[in-house]
Amino acid sequence: MTIGESIGLDDLPLRADLRGASPYGAPQLDVPVRLNTNENPYPPPPALVADVTEAVTGAAAELHRYPDRDAIALRADLASYLTSATGVPLGVPNLWAANGSNEVLQQILQAFGGPGRTALGFEPSYSMHPIIAAGTRTEWAPTPRRPDFTLDTARAADILARRRPDVAFVTSPNNPTGGSLPLAELRELIAAAPGLVVVDEAYAEFSSRPSAVGLIGEFPARLIVSRTMSKAFAFAGGRLGYLAAAPAVVDALQLVRLPYHLSTLTQAAARAALRHAEETLHSVHVLSSERDRVMESLRGLGFDVVHSDANFVLFGRFTDARTTWQSYLDHGVLIRDVGIPAHLRVTIGTPAENDAFLAASEEIVR
Ligand code: PMP
């Protein structure tokens, strides 16, 4: 018997608005083919592992001291990566980093959302946005996409202008549907929004469209672009997310961030991983062409496939998505039921993993 096991949530003075809520999280099952959390399937190359090990060993000798609270060296490295990726000249004052982009998004809502304020999202989209809104007591305003999951930009701009949310989330490429927005449409949305627009670019490296980072100069008081090293960078376990914005946005986030939130070890490991960006990001080309192959094969098998610009594909249509998800699991393939009726989402894996997924799909469709 575990000490304290006799009490439940009802015995605790939990906030009323959190009662009955479920924690976010996909099942972490030990299955041969795991294609459910949009990670990069390629482990870090040996040279990166060696570099991270050396960097962490060096950092370990300093663990009696708190880390650099402002993570200056890491932010400089992120600025130089993002500048080279987007062509937009960015400096340390434009960058902010935290433990995954989830923490970045939480800090944004701590500073710019909260009681009496509203955040809006175009759904279906990343399901953590409303959960972070709930945790920060920001009212959530869900706004539907078209039935084919694309965004009607003119209508969305109109809604932003009329509803005036304090923060609007635009995910591009969108998770879990995969589509991305051209720069002109992002501009139209930001121009219409009286509040802040957070463009969540967790999957930007997989997309052929230009980054919203190019619009920060035009909309310094309105635009935040969030990014992560969890996907293309194959650094999900390292927990490093970041954003690019005007320096004043970064100053605002300092008011809510916990001191020393990024450990010495995280900062050292992320900097080492960034030194290998070119090698790691090579996998993006392989994954993008595998994504195109998976989309085409699924279409060939008769599935409905939502066009994706990311490292995952939403597909259907199933009479019962939950039962079909279980059939994949019975074939040793773990994919994701994201709660969209008749659809499931598969993350692009290695060619062998994708073959296993497609072989299972062929049997399931019969
Ligand atoms: N944004 C989107 C759209 C995502 O899909 C994810 C990860 N699933 C995140 C943010 C958060 O990722 P992380 O905290 O690992 O950076």
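Residues numbered from 1 in each chain as written. Predicted model: local features only at pLDDT ≥ 70, side-chain atom pairs only at ≥ 80, totals over all residues. Heavy atoms only, no water.

Per an unreviewed UniProt entry, the chain is named Histidinol-phosphate aminotransferase, and its organism is Actinophytocola xinjiangensis. Here is the UniProt Catalytic activity (unreviewed entry) comment for the chain, exactly as written: "L-histidinol phosphate + 2-oxoglutarate = 3-(imidazol-4-yl)-2-oxopropyl phosphate + L-glutamate". As its UniProt record puts it under Cofactor (unreviewed entry), the chain is described as follows: "pyridoxal 5'-phosphate". (UniProt positions renumbered as here; feature names shortened; annotations may be inferred.)

Time to look at the site of the ligand. In the vicinity of the ligand lie 13 residues, with S101, D200, Y203, T228 and S230 positioned nearest. In the model, a nitrogen atom of the ligand is placed 2.7 Å from a nitrogen or oxygen of the D200 side chain. One of the side-chain N or O atoms of K231 is found 3.2 Å from a nitrogen atom in the ligand. In isolation the ligand has 400 Å² of accessible area, and contact with the protein removes 94% of it. In terms of residue count, helix α3 (residues 100-112) provides more of the shell around the ligand than any other element does, 3 residues in total. Along the lines of polarity and charge, the residues of the shell around the ligand split into 3 nonpolar, 7 polar and 3 charged. (Near = heavy atom within 4 Å. Polar contact = N/O pair within 3.5 Å; in protein donor to acceptor, adjacent residues only side chain to side chain. Areas by Shrake-Rupley, 256 points an atom, 1.4 Å probe, with all protein chains shown as cover. Helix = DSSP H or I, 4+ residues; strand = E, 2+ residues; numbered from the N terminus. Nonpolar A, V, L, I, M, F, W, Y, C, P; charged D, E, K, R; others polar.)

By secondary structure assignment, the location of I190 is in helix α6 (residues 183-192). Between the alpha carbons of I190 and T319 there is a distance of 38 Å; along the sequence they are 129 residues apart. The contact partners of I190, leaving out residues within four places of it in the chain, are V197, L215, F219, R222 and L223. (Contact = heavy atoms within 4.5 Å.)

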